[in-house]
Structures are given as C-alpha cells and as structure tokens.
Amino acid sequence: MVRGARSERMGFNRRMVAASAAVNRRQNTIHFPAEVDISVPRKMILERRERTGERLSLTGYVTACFARTMGEFPQFNVFRKGRKLVFLEDLAISVLVERTMEGKSVPEPIVIRRADRRALFEIHAAIRAAQSERPRRLGEAAGMTWIRFIPGCLLRAFVRSACRSVRMQQKYGVVGVTAVGMFGGGALWAIPLSSATVTVAVGSIVKRVVLVNGSPEEREHLCLTISFNHDIVDGAPAARFIRRFSERLASGDELREVTEARAHS
C-alpha cells in the first residue's frame, strides 16, 4: 500500500450489498417522495411512553400501517418471473433494522410474516427483539445464516435467482420497509435501491408550520419515499395506495385500536 493509506478486506455484508445494488439498479423503479403529518400518532406514542415507560417503535407503527394498506391492495403482493406475474397469498414484509455485530453497525432484514394479520405490538416486539439481540452470524435475523457460504463470484447470480424464486419470495416477501433515513438531521428523504415491488423508505421527522382551523400551528411531518416496481405497478394505482397509506399513518387509528382493545381486555 501507499504510505499514509491502509487497506482492509471487504466483509461479506459489504460484498452482498454491492451485489444487490448492482442487480437492483436495473429494475424499473418509480419513486414518490412524500410528507405525512404524524403529529397525532407521535403524541399518542409519547403519552403511552409517559404512562407505561414503553418506547414504542415508530418503524413498527409505520410497518403496521403499511401492512394494513397492503391488505387493501393485494394486487401489489406480486412479483415478476420472466413474462409472468406471480401473486402471493400471504403477506411477508421485510424490515431493515440496524444491528451491532463485532462492534460494527450492520443493516439486516427481519421478516414479518402474515403481517396484515398481526397486531401493531406484535410487529413492534419483533423489531425490538432484533435490535436488542447480539447476532453471532450475518443473516440470523431473517434465518439466512447459510448465505455466507455463497462464493463472492456468485453473489450477483444468487440475487438474480432469488428475485425469480417463488419459494424465496414467499419466505422473505416482495415488499419492504427501511428506516435508515430516520437517523439523519433536517428534512431527509431516502431513495432505496430495492428489488421489492413496493418499498417504504422512512426518512427524518421535520416540523412544519401549517394552518389548522385558520390558525398557524407547528406540526411534525415524516419524510417518506414510497417506491414501486413500474413493471408491475402503474402511477395511478400507486398514487391511490400512497393516499390511503398516508391517511392511515396520520390518523393514529392503529394505535387507538390497540389501546382500546387492551383497555377492554
């Protein structure tokens, strides 16, 4: 090496990311940046934390709202296999979380299976468990520890094959949520490189002054990017999906339903 510089062998995780990005950038993806007023659910989450001490995952809330909306748009739970579209019966959502492995932060997917049938707190618990565990091997969170045995020269071929495999897509899902953009400051939107049919990329939270009943009020807005595989989803259905998803996010109904159910029980 040149003096004043050092080299370090790329870990398997970085090589896997590079292989996935190389394959995924060939997908015909359309991106919709958006802002959603989440003042109501944020207030409910804060009140719950003050009352119970429980720190509810915002990623879990977004994922639960995404799952309910996907339940209303089952035609998006599909992937392309050559000239055919394969529709999946069960909804599996891949959620990217940050975990610490050997002193380094590593993004890893966990899979929420039958997500549209799971309560918010089940999704929240799965995300918190993955974040708190100390993984020993890459891929533990999604049950993919075997992936490290794939030779580096075959990683791109593996990614391409997985994107066309019915079993792989049934197990790991064709839609996903990534929340890595939440850690940025100011208004931040993430543009994902993803092979999923629908991807929700969660960005930062910003404060905006808006008119409420004719009076200016500071409200919290969540920056989002919702991305679609344009081979499968057209602009008009995508826009309808985003509108419904945004309404559900802003309402806080998902939190309200769970609170009322627990109070009743």
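Residues numbered from 1 in each chain as written. Predicted model: local features only at pLDDT ≥ 70, side-chain atom pairs only at ≥ 80, totals over all residues. Heavy atoms only, no water.

Novice: Residue-level account of the overall build of the protein, with values.
Specialist: When its secondary structure is counted, the protein shows eight helices and eight strands. Sorting the 265 residues of the protein into buried and exposed places 45% on the buried side. A separation of at least 24 residues holds for 68% of the contacts in the protein among residues at least 6 apart in sequence. Roughly 14,900 Å² of accessible area belongs to the protein as shown, and the carbon and sulfur atoms make up 50% of that amount. (Helix = DSSP H or I, 4+ residues; strand = E, 2+ residues; numbered from the N terminus. Buried < 20%, exposed > 50% of the residue type's maximum accessible area, 1.4 Å probe, protein only. Contact = heavy atoms within 4.5 Å. Areas by Shrake-Rupley, 256 points an atom, 1.4 Å probe, with all protein chains shown as cover.)

Novice: I'd like a description of the pairing of strand 6 (residues 175-178), backed by residues and values.
Specialist: Burial of strand 6 is two-sided: the residues Val175 and Val177 facing one way and the residues Gly176 and Thr178 facing the other way are all buried. The sheet contact formed by strand 6 and strand 7 (residues 198-212) spans four bridges and is parallel. Residue pairing in the sheet places valine 175 in a bridge with valine 198 of strand 7. (Pairing = 2+ DSSP bridges.)

Novice: Explain the nonpolar core residue by residue, including any values.
Specialist: Ranked by internal contacts, the top residues of the largest apolar core, which has 52 residues, are Phe66, Phe228 and Phe245. The element that contributes the greatest number of residues to this core is helix 3 (residues 58-72), accounting for eight residues. Contacts of phenylalanine 66, omitting those with residues within four sequence positions, involve Ile93, Val175, Gly176, Val177, Val198, Val200, Phe241 and Phe245. Formed by 13 residues, the second largest nonpolar core is a distinct cluster that contains Ala92, Leu155, Val159 and Met168. (Core = buried A, V, L, I, M, F, W, Y, C linked by side-chain atoms within 4.5 Å.)

Novice: How would you sum up helix 7 (residues 235-251)? Please name residues and give values.
Specialist: Side chains of residues three or four places apart in an α-helix project in the same direction, reflecting 3.6 residues per turn. Here helix 7 spans 24 Å end to end across 17 residues, near enough to the 24 Å set by a 1.5 Å rise per residue. All of the buried residues in helix 7 are Ala238, Phe241, Ile242, Phe245, Ser246, Arg248 and Leu249. Taken down its axis, helix 7 places every buried residue within 165 degrees of arc, on the same side. Phi turns positive one or two residues past the end of helix 7, at glycine 252, with a value near 75 degrees. (Expected span 1.5 Å × (residues − 1). Arc of directions from axis to C-beta.)

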